[in-house]
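# Chain and residue survey
One-letter residues, chain by chain:
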Amino acid sequence: MLLPEDDRFKIQLEGWLRSRHAFILLAASRGKNGFGTGTTPLRKEAEKKDILIGSGAINPAYLNDTQFATVLAQQFNSLSPENELKWNFIHPAADHYNWEPTDRLVDFAECNKMVVKGHGLISSCCNPDYLVNITDPALFRAAMTSHFEAIMHRYAGKMDRWDVVTEALATQGGGLQENDFYKVLGPNYIAEAFRIARAADADAKLFINENMVESLPGKRQELYDLVSGLVADNVPIDGVALQMHITEVPVVPGVITQMVSDYYALGLEVTIAELDVHTLNATLQTQIYGDVVDEALRAGITDISVWGFTDKHAYTWLPGAKPLMFNETYHAKGAFYAVHAALEDLVSAH
Ligand code: G3I
């Protein structure tokens with residue numbers, strides 16, 4: 001189904017269903033209003049200030065839905081895959097890489113002048129048996145190196161930044177997660193992963209991605225200690241990606257600003273990588289989206305992504321919650337307008 005043409009926003013569909021890499025080419029949204037929102041697209045406001053506003057959790061299959069593809073390209077200037085770069089999705093057998101889903105996302109981004117963040121090099125799930133059955137550290141390290149090299153070489157110049165390690169810390173804090181990498185390589189797997197990643201792509205920015213540090217002071221300190229230790233050891237890390245999956249409780253004002261300042265002092269960037277707000281209270285949701293983005297922008301964060309944008313494809317652990325900025329039928333919610341206002345209100349470009 002094609003959306004009605006709007007003279008301020010021309011949509012050009014090209015090659016749809018003609019090839020396995022079907023893509024949508026959206027003529028750059030130069031017009032004033034984003035489709036259906038009554039206001040400018042988020043990316044247009046963001047681009048005035050050199051800010052990335054992205055959506056993660058993009059499953060390439062969703063692009064078959066024209067409305068999904070249209071809103072994604074219209075509102076965001078960055079995307080990242082949901083699971084497609086996690087180990088057993090992209091590399092399901094030792095001798096086989098499944099490139100097509102991720103290639104499709106990259107093509108879509110290129111056609112729509114978006115950048116792509118790589119997510120999933122090391123994640124807390126989705127590791128195949130052929131990897132986890134390796135118990136010899138040297139062989140495990142070799143498998144990790146060739147996996148990183150294959151993926152990062154293929155997408156060099158196409159993915160500008162990566163979550164190298166995701167969820168290194170235990171969910172509630174209290175030490176490192178004893179994940180598949182930790183079990184064989186010990187705590188040094190984190191430093192090793194960053195070194196392998198930097199060698200594979202010297203130009204991409206490399207992030208450690210972590211959850212719940214905005215709400216758990218002890219875990220926040222643990223992450224800081226971990227990251228400052230990496231920096232002291234000259235591990236090639238560019239920044240910290242805060243997931244920001246918020247469940248019902250607002251972030252205490254000042255916490256984001258303090259984190260930005262602490263990591264900036266280490267020479268690192270802070271980004272928001274997976275913002276969403278899980279609550280049954282729509283007013284609270286709007287307020288949290290607005291407050292988080294407003295404080296983040298004022299603190300100097302220039303890279304903010306949500307974990308999906310439509311409740312049609314939301315991943316939530318709170319039954320009944322609709323955590324994203326657009327509803328299931330792609331209508332903008334209060335959260336969208338709060339984020340839009342925060343972008344619009346930001347005075348100076350960083
Ligand atoms: O692909 C298998 C399929 O073969 C199988 O039949 C099916 C049965 O359950 O499972 C499918 O895999 C699921 C996968 O999503 C794809 O749908 C996994 O079970 C399921 O655990 C997985 O969930 C993902 C989750 O990460 C686990 O890694 C979510 O989609 C994804 O949104 C979520 O994303 C994470 C980020 O990577 C890191 N930060 C937190 C964020 C939200 O939890």
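Structural data are supplied above this passage.
One structure accompanies this document, and this report is about it. Computed from a predicted structure; not experimentally measured.

### Some details on the overall build of the protein chain
Along the protein chain, the regular secondary structure elements total 12 helices and 11 strands. Split into buried and exposed, the 350 residues of the protein chain put 55% on the buried side. The contacts in the protein chain between residues at least 6 apart in sequence include a share of 76% that link residues at least 24 apart. In the form shown here, the protein chain has an accessible surface area of approximately 14400 Å², with 52% of it arising from carbon and sulfur atoms.

### Quick word on the environment of Ile-58
Position of Ile-58 relative to the elements: it lies in strand β3 (residues 52–58). On the accessibility criterion, Ile-58 (0% relative accessible area) is buried. Each C-alpha atom, one on Ile-58 and one on Ser-80, is 6.1 Å from the other, the two residues being 22 residues apart in sequence. Those residues in contact with Ile-58 that lie beyond four places of it in its chain are Phe-68, Leu-72, Leu-79, Ser-80, Pro-81, Glu-82, Glu-84, Leu-105 and Phe-309.

### Overview of the state of the cysteines
Evaluated as defined, the whole model comprises 1 disulfide. Through a disulfide, Cys-125 is tied to Cys-126; the S-S separation comes to 2.0 Å. Because the sign of the S-S torsion sets the handedness, a value of about -70° for the bond joining Cys-125 and Cys-126 places this disulfide among the left-handed ones. Under the relative-accessibility criterion, Cys-126 is labelled buried at 19%.

### Here we look at the packing of helix α9 (residues 217–232) against helix α10 (residues 255–265)
For the pair α9 and α10, interaxial distance at closest approach is 11 Å and the crossing angle is 15°. Taken together, the axes of α9 and α10 lie roughly parallel to each other. Pair α9 / α10 crosses with right-handed handedness. Across the interface between the two elements, Arg-220, Leu-223, Tyr-224 and Val-227 of α9 pack against Val-255, Met-259, Asp-262 and Tyr-263 of α10. Along the lines of polarity and charge, the residues of the contact of α9 with α10 split into 6 nonpolar, no polar and 2 charged.

### Things to note about unusual backbone geometry
Unlike most non-glycine residues, Glu-248 shows phi in positive territory, near 65°. Inspection of the secondary structure puts Glu-248 in the loop between β9 (245–247) and α10. For Glu-248, a relative accessible area of 39% corresponds to the partly exposed category. Positive phi outside glycine occurs at Tyr-330, with the angle close to 70°. With respect to the helices and strands, Tyr-330 occurs in the loop between β11 (303–307) and α12 (334–345).

Each value, and the rule that gives it
- Residues numbered from 1 in each chain as written.
- Predicted model: local features only at pLDDT ≥ 70, side-chain atom pairs only at ≥ 80, totals over all residues.
- Heavy atoms only, no water.
- Helix = DSSP H or I, 4+ residues; strand = E, 2+ residues; numbered from the N terminus.
- Buried < 20%, exposed > 50% of the residue type's maximum accessible area, 1.4 Å probe, protein only.
- Contact = heavy atoms within 4.5 Å.
- Areas by Shrake-Rupley, 256 points an atom, 1.4 Å probe, with all protein chains shown as cover.
- Disulfide = S-S within 2.5 Å.
- Axes fitted to C-alpha atoms, helices over the stretch in contact; angles between N-to-C directions.
- Parallel < 35°, antiparallel > 145°, perpendicular 65-115°, else oblique.
- Left-handed = near helix turned anticlockwise from the far one by under 90°.
- Nonpolar A, V, L, I, M, F, W, Y, C, P; charged D, E, K, R; others polar.

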